[in-house]
Amino acid sequence: MKIVVCIKQVPGSNRVSFDPITHNLVREGMAGRMNPFDENAIEAAVRLREQVGGEVVLLSMGPDATKETLHDGMAMGADSAYLLSSRAFAGSDTLATGYILAQAIRKIGAIDLILFGRQAVDADTGQVGPIVATELDLPQATFAEKIQPLDAQHVVVNRDLGAVTQTVQLTLPAVITVRAEANQPRYESPVAIQQSLTKPLTTWTDQDLTLDASRIGQAGSPTIVRKVYAPEPTTRAAKPLPQDPKEAAKALLDILQAQGLL
Amino acid sequence: MERQWTEPEQMLLRMAAKYTDAELAPYDLEMAHTNRYPDGLVEKLIQTGFLTVMLPTEYGGAGFGPEVTAAMIERIAKGSASVAATLEGHYKSVDAILKYGTDALKKALLPQATHRIFAFGMTESTGGSNPMGIQSTAKRVAGGWLLNGNKVMITNGTLAEVYCVLVKTGEQELSVFVVDNSMPGFSFGKREDFIGLRGTPIGEIFLSDVRVDDDHLLGRVGQGGAIGDHAHDDARILMGAVLSGIMQHALSLAAKYANERTALGTPIGQMQAIQRKLADIKINQETTQLLWERAAYAKAQGQPYSELAAMAKAHGSRAAVAACDDALQVYAGYGYSNDYPLAHLMLDARALEIAEGTVEKMRTAIAQAELKKEEA
Ligand SMILES: Cc1cc2nc3c(=O)[nH]c(=O)nc-3n(C[C@H](O)[C@H](O)[C@H](O)COP(=O)(O)OP(=O)(O)OC[C@H]3O[C@@H](n4cnc5c(N)ncnc54)[C@H](O)[C@@H]3O)c2cc1C
Ligand SMILES: Cc1cc2nc3c(=O)[nH]c(=O)nc-3n(C[C@H](O)[C@H](O)[C@H](O)COP(=O)(O)OP(=O)(O)OC[C@H]3O[C@@H](n4cnc5c(N)ncnc54)[C@H](O)[C@@H]3O)c2cc1C
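Per an unreviewed UniProt entry, chain B is named Acyl-CoA dehydrogenase family protein, and its organism is Lacticaseibacillus hegangensis. UniProt annotates chain B under Cofactor (unreviewed entry) with the comment "FAD". Looking at chain B in UniProt, the text filed under Sequence similarities (unreviewed entry) is "Belongs to the acyl-CoA dehydrogenase family."

Per an unreviewed UniProt entry, chain A is named Electron transfer flavoprotein small subunit, and its organism is Lacticaseibacillus hegangensis.

Attention now goes to the UniProt feature "domain: Acyl-CoA dehydrogenase/oxidase N-terminal" (unreviewed entry) in chain B. Feature annotation in UniProt places "domain: Acyl-CoA dehydrogenase/oxidase N-terminal" (unreviewed entry) on residues 6–113 of chain B, given in this structure's numbering. Across residues 6–113 of chain B, helical content stands at 67% and strand content at 0%; the span's end C-alpha atoms are separated by 25 Å.

Residues and elements named next belong to chain B. In the contact formed by helix H4 (residues 66–77) and helix H8 (residues 272–300), the axes pass within 8 Å of each other and the chain directions differ by 150°. If you check the angle between H4 and H8, you find them roughly antiparallel. Seen from H4, the contacting residues are Pro66, Glu67, Ala70, Ala71 and Glu74; seen from H8, they are Gln285, Gln289, Trp292, Ala296, Tyr297, Lys299 and Ala300.

Residue placement: Asp234 of chain B occurs in helix H7 (residues 224–260). According to the relative accessible area criterion, Asp234 of chain B is buried, its value standing at 4%.

In this section: the UniProt feature "domain: Acyl-CoA oxidase/dehydrogenase middle" (unreviewed entry) in chain B. As recorded in UniProt, the feature "domain: Acyl-CoA oxidase/dehydrogenase middle" (unreviewed entry) lies at residues 119–210 of chain B. Across residues 119–210 of chain B, helical content stands at 0% and strand content at 57%; the span's end C-alpha atoms are separated by 17 Å.

Looking now at the interface of chain B and chain A. For an interface, size is often stated in terms of accessible area lost upon the parts coming together. Contact residues are listed per partner, giving 20 residues for chain B and 14 residues for chain A. Interface area for chain B against chain A, summed over the two sides, is near 1,400 Å², with a carbon-plus-sulfur share of 62%. Of all residues in chain B, Glu7, Met11 and Lys18 of chain B give up the largest surface area on contact with chain A, accounting jointly for 35% of the area buried on that side. In this structure, the connection of chain B to chain A is made through two salt bridges. The salt bridge involving Lys18 of chain B is made with Glu188 of chain A; its shortest N-O contact spans 3.7 Å. Of all elements in the fold, only helix H1 (7–24) and helix H3 (41–48) of chain B reach the threshold of two or more residues within the side of chain B that touches chain A. A total of ten residues in the side of chain B that touches chain A trace back to one element, the largest contributor, which is H1 of chain B. Looking at the side of chain B that touches chain A residue by residue, the class counts come to nine nonpolar, six polar and five charged.

Parameters and conventions
- Residues numbered from 1 in each chain as written.
- Chains lettered and ligands numbered in written order.
- Predicted model: local features only at pLDDT ≥ 70, side-chain atom pairs only at ≥ 80, totals over all residues.
- Heavy atoms only, no water.
- UniProt positions renumbered as here; feature names shortened; annotations may be inferred.
- Helix = DSSP H or I, 4+ residues; strand = E, 2+ residues; numbered from the N terminus.
- Axes fitted to C-alpha atoms, helices over the stretch in contact; angles between N-to-C directions.
- Parallel < 35°, antiparallel > 145°, perpendicular 65-115°, else oblique.
- Contact = heavy atoms within 4.5 Å.
- Buried < 20%, exposed > 50% of the residue type's maximum accessible area, 1.4 Å probe, protein only.
- Buried area = accessible area lost by both parts, 1.4 Å probe.
- Salt bridge = Lys/Arg side-chain N within 4 Å of Asp/Glu carboxyl O.
- Nonpolar A, V, L, I, M, F, W, Y, C, P; charged D, E, K, R; others polar.

Here it is, written out as structure tokens:
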């Protein structure tokens with residue numbers, strides 16, 4: 001099974017800054033880390049490879065520093081990686097990103113499964129996976145908590161949708177986004193860390209892909225960010241109830257009534 | 001002076017930090033209370049590959065150098081000195097086999113060092129600082145040797161599967177052999193009830209007519225003293241790192257508490273008496289770190305490092321006991337409690353004024369090296 005896992009480098013801390021004009025995240029000089037949900041996607045891919053054989057290929061669009069995150073992913077067991085990096089990609093929103101990734105996946109070719117984390121923790125949209133599925137016209141299952149290979153043409157996926165769990169059978173090739181509950185990502189072993197830098201990492205620019213210039217970068221991004229702001233820190237206070245159960249019940253009723261909750 | 005690590009070295013240190021914070025630090029106090037590792041901790045440590053860090057790649061290891069290995073040990077010790085000591089015991093024993101083993105022995109044994117824990121047994125009830133006081137023996141038999149004796153206080157003893165053991169091959173002659181716990185005649189004795197490093201199994205082994213082949217001799221017959229000294233040198237660099245890690249742990253706890261705890265309407269961290277302690281802890285930590293880094297650098301460069309390693313441990317162990325005592329005092333009444341980590345950190349540090357050579361012996365070695373430089 002040939003599996004592509006799309007991963008993203010996200011800010012390593014919560015102290016981020018935004019470009020005052022474009023409202024885009026300032027990525028220069030910022031230590032990045034792998035989007036945590038992507039670790040679950042890689043883990044799911046590596047386990048599938050361990051079960052049925054095959055190959056795990058990482059794909060990421062981002063600045064040159066994203067190579068570190070791709071090395072981290074290869075240290076977790078992925079076999080090779082592609083970095084899509086170009087000035088022409090700057091300012092891409094989820095739609096443009098999905099399009100560029102889809103074109104790269106076409107070029108990699110012969111793929112059975114495309115995995116994503118359920119969402120990226122910086123923008124929290126969860127859109128890129130479904131956009132890639134739509135772009136490539138492939139079946140998709142989001143929020144997977146379990147992926148089981150059925151035969152060479154099919155996988156069975158349990159989707160955790162909060163109140164309900166849905167079991168779906170997908171015909172390959174297919175797109176799946178993976179929840180944190182799917183697995184416990186492995187630690188990079190010291191031996192795998194050393195090997196990660198010797199595994200193939202290919203960089204593709206906009207010149208290496210077949211792209212419609214009007215669909216990439218700022219031009220290909222219909223999303224308009226009106227405002228970005230840091231939320232006001234909220235403070236909460238706890239109110240102790242009286243020790244005596246009767247008094248406590250009365251005090252609780254008073255509070256609920258005062259809040260208009262009864 | 002901030003060291004520039006290579007990308008794989010940075011990845012190793014990042015992974016170790018993540019691992020320590022999630023898998024080790026939350027259980028360190030429990031180890032002190034229960035005198036053991038929680039179930040599954042050692043298995044996961046092995047499965048994640050921590051035994052392979054400094055083992056050369058030709059034996060299936062990761063082949064990291066002495067400096068980053070020690071830096072990783074320091075980071076682990078910041079979460080659990082016990083686990084750092086287990087790894088230290090393994091690495092120094094593997095180092096000894098690497099240096100003194102025959103090619104055949106290394107080929108046979110070292111690939112196992114990725115998943116089996118190694119240890120080094122020198123001390124006996126009759127000989128610790130004085131190796132000539134030991135009573136274990138190896139007697140020549142056809143094609144090999146017959147080993148008999150009893151080793152005490154071995155780091156990873158009762159946990160490790162492969163042991164380097166110091167024995168007498170003559171009245172005044174010491175040699176080191178490698179034995180496997182699966183060999184007939186090998187058995188474990190009791191586990192020590194030490195007051196610190198309580199997660200680390202430290203215990204006894206018995207050898208009763210254990211037969212080993214010729215190639216299980218490390219180095220030459222009679223070279224045992226030198227091999228033991230060398231293993232100590234390697235261990236002392238790592239112990240310096242353990243001590244620095246313990247002090248980082250103590251400092252972080254003390255500074256956090258000093259910010260939170262108030263007296264006379266201000267955080268106690270604003271009082272000079274407390275600031276003095278925090279500053280002293282930091283100075284002790286940094287000087288110890290500088291010493292182990294200098295020793296590790298010398299080792300990586302192929303320069304002599306025995307004296308530097310002795311200094312890292314001699315200075316670092318006293319410094320760490322003092323630093324943990326200062327941190328305990330910042331916590332005051334709670335610092336003195338078994339339910340809080342401070343007293344345990346102090347007892348962890350205290351072990352290293354004894355293990356891998358006492359501080360008295362360190363000072364003798366340092367002084368002798370200096371005397372020698374000025375000999376006529
Ligand atoms: C946590 C821990 C882990 C250990 N792990 C190991 C291990 O993995 N393998 C192993 O073989 N042993 C191990 N040991 C044992 C340790 O190496 C010995 O305790 C140490 O060498 C001291 O020996 P001793 O306890 O017999 O004390 P002794 O040698 O009896 O020393 C008693 C006192 O006399 C002083 N003294 C003795 N000789 C001299 C001298 N020549 N010059 C100056 N002062 C001297 C000592 O400094 C000490 O203060 C460990 C001990 C501890 C506490
Ligand atoms: C063995 C033992 C027996 C005890 N028995 C009793 C008992 O019988 N009865 C009882 O009431 N208590 C008892 N205690 C509690 C003991 O009195 C307190 O631990 C002690 O007063 C310190 O208070 P604390 O632990 O709250 O530390 P804190 O007062 O919080 O002190 C924290 C740190 O801040 C420093 N600090 C605080 N204020 C100042 C200041 N103004 N100037 C400079 N430094 C300051 C302290 O020196 C300390 O280093 C006992 C404690 C122990 C360990």
